[in-house]
Amino acid sequence: MNSSFLRGPALAPPRIRLMEKEGSANTFSEGGYDIKEGNAYIDYGDIFFEDIHSGKAFLTIRSKIAELLKDGSKLLCLGGDHSISFPIIDAFAQNYHKLNILHLDAHADLYENFDNNPYSHASPFARIMETGKIKSLTQAGIRTLTKHQKEQAGKFNVQVIEMKNFNVDFISSLESPLYLSLDLDVLDPAFAPGISHHEPGGLTTRQLIEIIQNIPANIVGADIVEYNPVRDVHNTTAMVAYKLFKEIIARMI
């Protein structure tokens, strides 16, 4: 309900899970870890909503994430659109008082107000930074900055690495504890056609994997969002999401 263009990302989690179950790829990360359910991770299933009103959905997600974090576990969440990151990170910020965020995306998602919906997937990082609970926010892969979002980035002291100036030097400056928020449209649509907002000029899959593999900070949580199965081609993007899922968990172990 918080998507501004197309519906479909709510269908993503079971499709990503299917990539492990169907067996066309093995369960190993490139670093040699066997990323198998019951071995490297526990799947807690989907969150079901009795009411999909945005404000109530926010509370449902935040409450569930807070419950799962009580034992100190690390957590990777599958979206869904990017609006889910606000309640997830808000729950993390209760456990990690100096939380740092790496946000990989074509879009900055910093709108103060988008379609009069404070929970819009175009605004989660504005909402997150407004809380004052976050130590730092680094955004990379951005290629859609508006004047307003540049002003917002300045207001919240966000480090933005735009694609037109892209390099990986920012990786060395990332601090622990780190939350990784990965919007699949950070990739060029050639590598991930199954997304709602096609924005040419993005990262290659290999570039993105190398970023994940070389993060020096302790990744305590992560999300993979904005996969839209409705727009996918032969599960190409689902397999990309599954590949990134394995690489992220390998970095969290």
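No experiment lies behind these values; they were computed from the predicted model shown. (Residues numbered from 1 in each chain as written. Predicted model: local features only at pLDDT ≥ 70, side-chain atom pairs only at ≥ 80, totals over all residues. Heavy atoms only, no water.)

**Q** For this particular structure, what's the right way to read the overall build of the protein chain?
**A** Counting its regular elements, the protein chain contains 7 helices and 6 strands. When the helices and strands of the protein chain are read in sequence order from the N terminus, they spell out α-α-β-α-β-α-β-α-β-β-α-β-α. Referenced to the eigenvectors of the C-alpha coordinate spread, the extents of the protein chain come out at roughly 45 × 40 × 35 Å. Within the protein chain, the fraction of its 253 residues that count as buried is 55%. Once local pairs closer than 6 in sequence are excluded, the contacts in the protein chain between residues at least 24 apart make up 75%. Carbon and sulfur atoms provide 51% of the accessible area of the protein chain, an area that totals close to 11,300 Å². Across the protein chain, the mean location of the 24 positive side-chain charges is 3 Å away from that of the 31 negative side-chain charges. (Helix = DSSP H or I, 4+ residues; strand = E, 2+ residues; numbered from the N terminus. Buried < 20%, exposed > 50% of the residue type's maximum accessible area, 1.4 Å probe, protein only. Contact = heavy atoms within 4.5 Å. Areas by Shrake-Rupley, 256 points an atom, 1.4 Å probe, with all protein chains shown as cover. Lys, Arg positive; Asp, Glu negative; His and termini not counted. Charge placed at Lys NZ, Arg CZ, Asp CG, Glu CD.)

**Q** What am I meant to see in the pairing of strand E3 (residues 134-142) here?
**A** Regular strands show a simple pattern: their side chains alternate between the two faces of the sheet. Extensive coverage of E3 is indicated by the burial of 7 of its 9 residues. For strand E2 (residues 99-104) and E3, the ladder comprises 6 bridges, and the chain directions are parallel. If you follow asparagine 100 over to E3, its bridge partner there is serine 136. Taken together, the 4 bridges between E3 and strand E4 (residues 159-162) define a ladder with parallel strand orientation. For alanine 140, the partnering residue across the bridge sits in E4 and is isoleucine 161. (Pairing = 2+ DSSP bridges.)

**Q** How should the packing of aromatic side chains be read in this particular structure?
**A** Under the criterion given, the structure shown has 6 aromatic pairs. Plain terms: the ring middles of tyrosine 41 and phenylalanine 245 are 5.2 Å apart, the flat faces sit at 90 degrees to each other, and that makes the pair edge-to-face. Note that tyrosine 41 is positioned in the loop between helix H1 (12-21) and helix H2 (54-69) and phenylalanine 245 in helix H7 (residues 236-252), a separation of 204 residues in sequence. The exposure classification of tyrosine 41 matches that of phenylalanine 245, with both residues buried. (Phe/Tyr/Trp six-rings, centres within 6.5 Å; stacked < 30°, edge-to-face > 60°.)

**Q** Which parts of the structure should I look at to understand the nonpolar core?
**A** Nonpolar side chains in soluble globular proteins tend to be buried together. Ranked by size, the top nonpolar core spans 43 residues in total, and within it Leu104, Leu182, Leu208 and Ile248 carry the most contacts. Not counting chain neighbours up to four residues away, the residues in contact with leucine 182 comprise Leu104, Leu208, Ile212, Asp223, Ile224, Val225, Leu244 and Ile248. Grouped together as the second largest cluster of nonpolar side chains are 32 residues, Leu69, Ala91, Ile101 and Ala153 included. (Core = buried A, V, L, I, M, F, W, Y, C linked by side-chain atoms within 4.5 Å.)

**Q** What should I look at first to understand the packing of H2 against helix H3 (residues 85-95) in this one?
**A** Where H2 contacts H3, the axes come no closer than 8 Å and their chain directions differ by 40 degrees. In terms of orientation, H2 lies oblique with respect to H3. For the crossing formed where H2 meets H3, the hand is right-handed. Residue-level contacts link Phe58, Ile61, Arg62, Ile65, Ala66 and Leu69 of H2 to Phe86, Pro87, Ile88, Asp90, Ala91, Phe92 and Asn95 of H3. Looking at the contact of H2 with H3, its residues break down into 10 nonpolar, 1 polar and 2 charged. (Axes fitted to C-alpha atoms, helices over the stretch in contact; angles between N-to-C directions. Parallel < 35°, antiparallel > 145°, perpendicular 65-115°, else oblique. Left-handed = near helix turned anticlockwise from the far one by under 90°. Nonpolar A, V, L, I, M, F, W, Y, C, P; charged D, E, K, R; others polar.)

**Q** What am I meant to see in the side chain of arginine 143 here?
**A** Structurally, arginine 143 can be placed in the loop between E3 and helix H5 (147-155). Among buried charged residues, arginine 143 stands out as having no salt bridge; its nearest opposite-charge side chain is glutamate 199, 5.1 Å away. Of note is the side chain of arginine 143, whose polar atom sits 2.8 Å from the backbone oxygen of aspartate 185. The residues contacting arginine 143, other than those within four sequence positions of it, are Ala106, Met163, Asp185, Val186, Leu187, Asp188, Glu199, Pro200, Gly201 and Gly202. (Salt bridge = Lys/Arg side-chain N within 4 Å of Asp/Glu carboxyl O. Polar contact = N/O pair within 3.5 Å; in protein donor to acceptor, adjacent residues only side chain to side chain.)

Function-wise, these values are silent; they only describe arrangement.
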